[in-house]
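A structural walkthrough
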Amino acid sequence: MPDTREAAIARLLKSYQSYYNITLFEDEQTPIAARCDFFEHSEKYVISKRAELWSADCEEFLYILDIPHLTLESYEKWRDYVYNDGMSRIHVGPGHMYSFITPVFICDCCDEDARKVLRKCHIYKSFRFSLHGWMDYHAAVVDLGKKRIDANRSGHTVAKSLKKILFSK
């Protein structure tokens, strides 16, 4: 596992660059180091593209946050910010299948109460009774001091991929 937050972020971005559209942030006012956007469009048609049977759009907005010490207050503040920003980016409508909003907190240490609240976090929203898809909120924290990765229940796949990326040589 990398020893510094900068090294962990660099390793994540290197791994994500072939799958995500990455926007780097160098603003001193925000701990968001990068936002990684993923878009997928699938469709099925008969003979001609005008005879479309179905289409599905999937999106993911993954935020990498560089926070030296994650407290409960900072977690709640940035959880709400990421949720609101991600919701403003979702393209809801016919054909929208699902969207994921995923903050990944990279920190040197994490308070236990922040870790507990993150693990219990459950945010889910369906659009028009799921006819226009749904949104699920995945959250993960990488605690470099304890060499530990935790996630909420929806984010267990994010934690699994973070472990592969950060713990492999």
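Anything mentioned here points back to the structure above.
Let me sum up the structure you'll find in this document. (Residues numbered from 1 in each chain as written. Predicted model: local features only at pLDDT ≥ 70, side-chain atom pairs only at ≥ 80, totals over all residues. Heavy atoms only, no water.)

With a phi angle near 50 degrees, Lys147 is a residue other than glycine that sits in the positive phi range. As for its position among the elements, Lys147 is in the loop between β9 (140-143) and β10 (148-151). (Helix = DSSP H or I, 4+ residues; strand = E, 2+ residues; numbered from the N terminus.)

This brings us to helix α1 (residues 5-16). Compared with an ideal rise of 1.5 Å per residue, which puts 12 residues at 16 Å, α1 spans 16 Å between its outermost C-alpha atoms and is within 8% of the ideal. Listing the buried residues of α1 in full gives Arg5, Ala8, Ile9, Leu12, Leu13 and Tyr16. The arc that holds every buried residue of α1, seen down its axis, measures 130 degrees, which confines them to one face. On its buried face, α1 sits against β1 (21-24), β2 (32-45), β3 (52-66), β5 (96-107) and α4 (156-167). (Expected span 1.5 Å × (residues − 1). Buried < 20%, exposed > 50% of the residue type's maximum accessible area, 1.4 Å probe, protein only. Arc of directions from axis to C-beta. Contact = heavy atoms within 4.5 Å.)

Contact geometry for helix α2 (residues 72-89) and helix α3 (residues 112-120): axes closest at 8 Å, N-to-C directions at 35 degrees. Residues Leu72, Tyr75 and Arg79 of α2 form the contact with α3, whose own contacting residues are Asp113, Ala114, Val117 and Leu118. Split by residue class, the contact of α2 with α3 holds five nonpolar, no polar and two charged. (Axes fitted to C-alpha atoms, helices over the stretch in contact; angles between N-to-C directions. Nonpolar A, V, L, I, M, F, W, Y, C, P; charged D, E, K, R; others polar.)

Before going further, it helps to spend a moment on the packing of aromatic side chains. Applying the stated criterion across every chain, the model contains 10 aromatic pairs. Judged by centre distance (5.3 Å) and plane angle (70 degrees), the rings of Trp78 and Tyr81 are edge-to-face. Of this pair, Trp78 and Tyr81 both sit in helix α2, three residues apart, which is roughly one turn of the helix. Take Trp78: its relative accessible area is 11%, and that puts it in the buried class. Accessibility expressed as a relative area gives 41% for Tyr81, which makes it partly exposed. (Phe/Tyr/Trp six-rings, centres within 6.5 Å; stacked < 30°, edge-to-face > 60°.)

Relative to the assigned elements, Ser99 resides in strand β5. Within the local environment of Ser99, its side chain forms a polar contact with the side chain of Glu59, the two groups lying 2.9 Å apart. (Polar contact = N/O pair within 3.5 Å; in protein donor to acceptor, adjacent residues only side chain to side chain.)

β5 sits mainly inside the fold: 11 of its 12 residues count as buried. Bridge analysis of β3 against β5 gives 10 bridges, and the strand direction is parallel. Paired with Leu65 across the bridge in β5 is Phe105. In this structure, β5 lies alongside strand β8 (residues 134-137), joined through four bridges in parallel fashion. Within the sheet, the bridge partner assigned to Ile101 lies in β8 and is Tyr137. (Pairing = 2+ DSSP bridges.)

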